[in-house]
Amino acid sequence: MADTDGVDSDARLRVQRRADSVSMLVCRGCCCGTDKHDDVDHVAQVDRLQVAVAGRRRAKLYTTNCLGPCERSNVVVVRSGSERIWFGDVLDTAVTAALADWVEAGAPPLLPERLAERRFVPDDENHEDVDDLASVEAVEAG
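So, here's what we can say about the structure. Bear in mind the structure is a predicted one, so any value in this text is a computation, not a measurement.

## Some remarks on the overall build of the protein
Next up, step 1: Counting its secondary structure elements, the protein contains five helices and six strands.
Next up, step 2: Its helices and strands in sequence order give the protein the pattern α-β-α-β-β-β-α-α-β-α-β, from N to C terminus.
Next up, step 3: Across the 142 residues of the protein, 40% fall into the buried class.
Next up, step 4: Relative to all contacts within the protein whose residues are 6 or more apart in sequence, the contacts with residues 24 or more apart total 68%.

## Regarding the packing of aromatic side chains
Next up, step 1: Overall, the coordinates contain two aromatic pairs when judged by the stated rule.
Next up, step 2: Centre to centre, the rings of Trp-86 and Phe-120 are 5.8 Å apart; their planes meet at 65 degrees, and the pair counts as edge-to-face. Note that Trp-86 is positioned in strand 4 (residues 83-87) and Phe-120 in strand 5 (residues 119-120), a separation of 34 residues in sequence. Phe-120 shares its class with Trp-86; the two are buried.
Next up, step 3: Pairing Phe-87 with Trp-102 gives two aromatic rings, centres 5.7 Å apart and planes at 80 degrees, and the pair type is edge-to-face. In this pair, Phe-87 sits in strand 4 while Trp-102 sits in helix 3 (residues 93-104), placing the two residues 15 residues apart along the sequence.

## Description of the pattern of salt bridges
Next up, step 1: According to the stated counting rule, one finds five salt bridges in the structure shown.
Next up, step 2: Taking the shortest distance from any N to any O, the salt bridge between Glu-117 and Arg-118 comes out at 3.7 Å.
Next up, step 3: Taking the relative accessible area as the measure of exposure, Glu-117 reaches 53% and is therefore exposed.
Next up, step 4: Salt bridges sharing partners connect three or more residues here, namely Arg-48, Asp-101 and Glu-104.

## Concerning the packing of helix 2 (residues 42-54) against helix 3
Next up, step 1: The contact between helix 2 and helix 3 brings their axes to 8 Å, and the two run at 15 degrees. Considering the angle they form, helix 2 stands roughly parallel to helix 3. Handedness of the crossing formed by helix 2 with helix 3: right-handed. Every residue of helix 3 that contacts helix 2 at Gln-45, Arg-48, Leu-49, Val-51, Ala-52 and Val-53 is listed here: Thr-96, Ala-97, Leu-99, Ala-100, Asp-101, Val-103 and Glu-104.
Next up, step 2: Counted by class, the contact of helix 2 with helix 3 contains eight nonpolar, two polar and three charged residues.

## Focus: the nonpolar core
Next up, step 1: In this structure, Met-24, Val-78, Phe-87, Leu-99, Trp-102, Val-103 and Leu-115 are the most contacted members of the largest nonpolar core, which totals 23 residues.
Next up, step 2: Those elements that provide at least two residues to this core are strand 1 (22-27), helix 2, strand 2 (59-64), strand 3 (76-80), strand 4 and helix 3.
Next up, step 3: Here the element with the most residues in this core is helix 3; it accounts for six residues.
Next up, step 4: With residues up to four places along the chain from it excluded, the contact list for Trp-102 reads Val-78, Ile-85, Phe-87, Ala-107, Pro-108, Leu-110, Leu-111, Pro-112 and Leu-115.
Next up, step 5: Listed in part, the nine residues of the second largest apolar core include Leu-25, Cys-32, Val-75 and Val-77.

## Here we look at helix 3
Next up, step 1: Helix length check: helix 3, at 12 residues, gives a terminal C-alpha distance of 16 Å against a target of 16 Å (1.5 Å per residue), a fit within 8%.
Next up, step 2: Close packing links the buried residues of helix 3 with strand 1, helix 2, strand 3, strand 4 and helix 4 (113-116).
Next up, step 3: The opening residue of helix 3, the one whose side-chain oxygen lies 3.0 Å from the backbone nitrogen of Ala-94, is Asp-92.
Next up, step 4: A positive phi of about 95 degrees marks Gly-106, the residue just after helix 3.

The rules behind each value
Each chain has its residues counted from 1, running along the sequence as written. The predicted origin of the model limits local features to residues at a pLDDT of at least 70 and limits the giving and counting of side-chain atom pairs to 80 or more, whereas totals for whole chains, interfaces and linings rest on all residues. With hydrogens and water excluded, all non-hydrogen atoms of the structure serve as input to the side-chain values. Helical segments are the DSSP runs of H or I of at least four residues, strand segments are the runs of E of at least two, and each set is numbered from the N terminus. Only protein chains enter the calculation, and the probe is 1.4 Å; a residue is then buried if its accessible area is under 20% of its type maximum, exposed if over 50%, and partly exposed in between. Contacts between residues were defined by any pair of non-hydrogen atoms, one from each residue, lying within 4.5 Å. Think of it this way: a Phe, Tyr or Trp ring, Trp meaning its six-membered ring, pairs with another when their centres are within 6.5 Å, and the plane angle makes it stacked under 30 degrees, edge-to-face over 60, tilted otherwise. The term salt bridge refers to a side-chain nitrogen of Lys or Arg lying within 4 Å of a carboxyl oxygen of Asp or Glu. Angles here are taken between N-to-C directions and fall from 0 to 180 degrees, while the axes themselves are lines fitted to C-alpha atoms, restricted in helices to the stretch in contact. Our angle categories are set so that under 35 degrees counts as roughly parallel, over 145 as roughly antiparallel, 65 to 115 as roughly perpendicular, and the remainder as oblique. Take the far helix as your reference; a near helix turned counterclockwise from it by less than a right angle gives a left-handed crossing, and one turned clockwise gives a right-handed crossing. In the scheme used here, Gly and all other residues not listed as nonpolar or charged are polar, with Ala, Val, Leu, Ile, Met, Phe, Trp, Tyr, Cys and Pro taken as nonpolar and Asp, Glu, Lys and Arg as charged. The set of buried Ala, Val, Leu, Ile, Met, Phe, Trp, Tyr and Cys residues whose side-chain atoms join them within 4.5 Å is what this entry labels a nonpolar core. The span expected for a helix works out to 1.5 Å for each residue beyond the first. Definition of a polar contact: a pair of N or O atoms within 3.5 Å, with one able to donate and the other able to accept a hydrogen when the atoms are protein atoms, and with sequence-neighbouring residues admitted only if both atoms are side-chain atoms.

Right under this line is the structure:
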C-alpha cells in the first residue's frame, strides 16, 4: 500500500527492520576457536556474545567456518544494517566484553577504542562469504 508520498509503507518497514538488525558471525574455522589459541576460552567467548545478541530484538549470532583472514584469528564480523564490520584478534575477555557491550548498544557508528584497534578490512573475496548463510549455524539463546 502506497503512502501519500508514493512510497510503499511495507517496503519502508522492511528497510527500517534491516537497518535496525544486528548479527554477528563468529569464525570457528581452521584457526579461530581452536587450540591455536589454547589460552582462550572459546566456549565462554561465544556464550558472552550470545548474551549480547539475546538482549536485542533483531539480533542473531552465527558460528561459521573459516572466513579467510587466518592471520587475524579469532575473527568476528558484525553486520549492522547493510554494513559489515570485521574484527580480528578477538582473543581476550576484555575485547570480547567490549564487542558484546557495543552490540548490546545497537552497534552504533562510533567504535570503542578497544574495537577500533582490531577493526580491519579483508580482501574482497572474503566479503562474499559473510552474506552466504549456507555455511553458518545460528546459536540459539540458552
